[in-house]
Amino acid sequence: MEYRTDEQIIARGRQIAPLTDADLPPLITLVIGVREYCRLMESLMPEIGCEIDVTKMSRNMDGDA
Amino acid sequence: MVTNPHMLSLSEQARLISEGSLTSVELVQAHLDQISKLNPQLNSLIAVDPEGALQQAVEIDTARAKGEKLGPLAGVTLGVKDAVPVKGIPWTINSRLFEDRVPEEDAPVIARLKKSGAIVIGKANLNEFFSKPTESDLNPPPWNPWNPERMSVGSSSGSGAALTARMASGTIGVDGGGSVRLPAGAHNLYGIKPTHGLVSRIGVGRSEHSEICPLGLTALDTAMMLEAMVGHEPSDDLSWAGEIPEYTANIEADVSGWRIGVPHGFIDSAPNEPEVMEGFETFLSKLEELGCELVDIDIQGMAEARAATFLILFSNSYQKHQKTVKQDWDKYGPQSRVNLLQGAFLSSTDLINAGDVGRAFKAYFSQLLQDQNLKAIATPTSPFATAERSRRRGEHSRGINACYTAPFNISGHPSISLPAGFGDAGIPVGTMLTGEMHDDLSLLQLSHSYDKATVWNTLSPSI
């Protein structure tokens, strides 16, 4: 996920849809959530040649070890 | 003469019709009367086909009178989530974008249900494009018949509400992250998400991990509908071509000694409302009364699998709408159009990561069941007892309402929501069983045993 700032999110959003000003706050909130999900995925990616280590997966609802 | 046939379960209605004690016309008319009486208040159905339904009922009654062999669902009625195409009935996905669309063909799963004798009486309300409900959707959101001042949980909200209000014998929904199991739980119903690939998804856009699912008043009703829905579709490359057991013929089972895993550690980490946990504990007690052995288990990866499910859903959604959001932005509701954009912020690496995590969780969960010799694991269906709470901005954007359901969409394991009592607002709470791939039968057997041992299916709302 390469969109790390509000400005980047807004710029990308305006590329793909005719966003109104009212659309921007909910979009930013949602994309921040998506970014957290992507980070969670990245944290599990193994070294080349290795498999995902399920013992490193979380044990609770928030994704903590 | 059967009085109030619409109040009976689908299996009872089918039996009476096959015996000749009830005609399909009488049943369809009873459901139409119920729709006329309650739908203006509840918004459960957004299209009704009275002429078509009555015509099909006449044909079934005529066939029976001639002694022709009837299908197992002959003469009963279905409400179908308006995400699934049914020939000749508007197919809007509750969006102005498709306000005038009427399909010329049935989805394969609908064709199978009709071949079993079921009659589609109408299309059930839903959140526009499976998003959050708003008053600006093409049709306003449905209300929960158990408390008509409360919204129905979605996205198969109308399917839950219409069945609860006895507007149909059974209903069909689509579950991409919990969208059948959550409304089943919140309406005192059974709703099963079958093993991935058992039911062809052609017609609903082939989203990778969304399944077309039945909701029933009883576990047996749910099994009867699922049995009619499963089967290999050669035109669907994701469709399961292997053997499928008969669900209804085998639904009676002695479940004593069955080991059920309970992931207390994970469950305790969720923000469960007190009435949810009260219902869940009562459910566990009932399983013990049935002779099941409860096993405390440790489970990992539920949060990661939930995240992976949503990342792929977001990507699928944006991919489908990428052209129309540019051209027809104003035709979308303000909630769904913003939700649909989330997938546009993902990279190909993000998606491949999510797919890898999903596959790893799938293998891990099957191994967990095997290692511990478990028939299923038990969890609540949702941490929340009302739709309003689950839709609070922070909760919804983090997907907490789906913390129990969504992991098993990407994994593909079968998962069923069962009734478990009522919360303070009068809204039902659900509980969930999830089992091994292609062992949907065990979930149905266990649910049927529980159903027979509880009073939930005898209750109906006082509307």
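These numbers were taken from a predicted model, which means no experiment stands behind them.

Reading the values: rules and limits
- Residues numbered from 1 in each chain as written.
- Chains lettered and ligands numbered in written order.
- Predicted model: local features only at pLDDT ≥ 70, side-chain atom pairs only at ≥ 80, totals over all residues.
- Heavy atoms only, no water.
- Helix = DSSP H or I, 4+ residues; strand = E, 2+ residues; numbered from the N terminus.
- Rg over C-alpha atoms; globule rule 2.2 N^0.38 Å.
- Buried < 20%, exposed > 50% of the residue type's maximum accessible area, 1.4 Å probe, protein only.
- Areas by Shrake-Rupley, 256 points an atom, 1.4 Å probe, with all protein chains shown as cover.
- Lys, Arg positive; Asp, Glu negative; His and termini not counted.
- Charge placed at Lys NZ, Arg CZ, Asp CG, Glu CD.
- Contact = heavy atoms within 4.5 Å.
- Phe/Tyr/Trp six-rings, centres within 6.5 Å; stacked < 30°, edge-to-face > 60°.

*Asks:* Can you lay out the overall build of chain B for me, pointing to particular residues and giving the numbers?
*Replies:* In terms of regular secondary structure, chain B is built from 17 helices and 13 strands. Taken over C-alpha atoms, the radius of gyration comes to 20 Å for chain B, in line with the 23 Å a tight globule of 463 residues would show. Its C-alpha atoms give chain B principal-axis dimensions of about 60 × 55 × 45 Å. By the burial criterion, 65% of the 463 residues in chain B qualify as buried. As presented, chain B carries roughly 15,900 Å² of accessible surface, and 48% of it is formed by carbon and sulfur atoms. Of the side chains in chain B, 37 bear a positive and 54 a negative charge, and the two mean positions are spaced by 5 Å.

*Asks:* Lay out the overall build of chain A in plain terms, naming residues and giving numbers.
*Replies:* Across its full length, chain A carries 2 helices and 0 strands. In terms of overall dimensions, chain A is more spread out than a globule: its C-alpha atoms have a radius of gyration of 16 Å, far above the 11 Å expected for 65 residues. For chain A, the spread of C-alpha atoms along the three principal axes comes to 45 × 25 × 15 Å. The buried share among the 65 residues of chain A stands at 43%. Considering only intrachain contacts with a sequence separation of at least 6, the fraction spanning at least 24 residues in chain A is 30%. Roughly 3,700 Å² of accessible area belongs to chain A as shown, and the carbon and sulfur atoms make up 51% of that amount. Each charge sign in chain A was given a centre, from 7 positive and 12 negative side chains, and these centres are 2 Å apart.

*Asks:* I'd like a rundown of the packing of aromatic side chains, residues and numbers included.
*Replies:* All names here are of chain B. Using the criterion set out here, one finds 14 aromatic pairs over all chains in the structure. On the basis of an interplanar angle of 55° and a centroid distance of 4.9 Å, the ring pair of phenylalanine 365 and phenylalanine 408 is categorised as tilted. One end of the pair, phenylalanine 365, is in helix α13 (residues 348-371); the other, phenylalanine 408, is in helix α16 (residues 407-411), with 43 residues separating them in the sequence. With a relative accessible area of 0%, phenylalanine 408 lands in the buried category.

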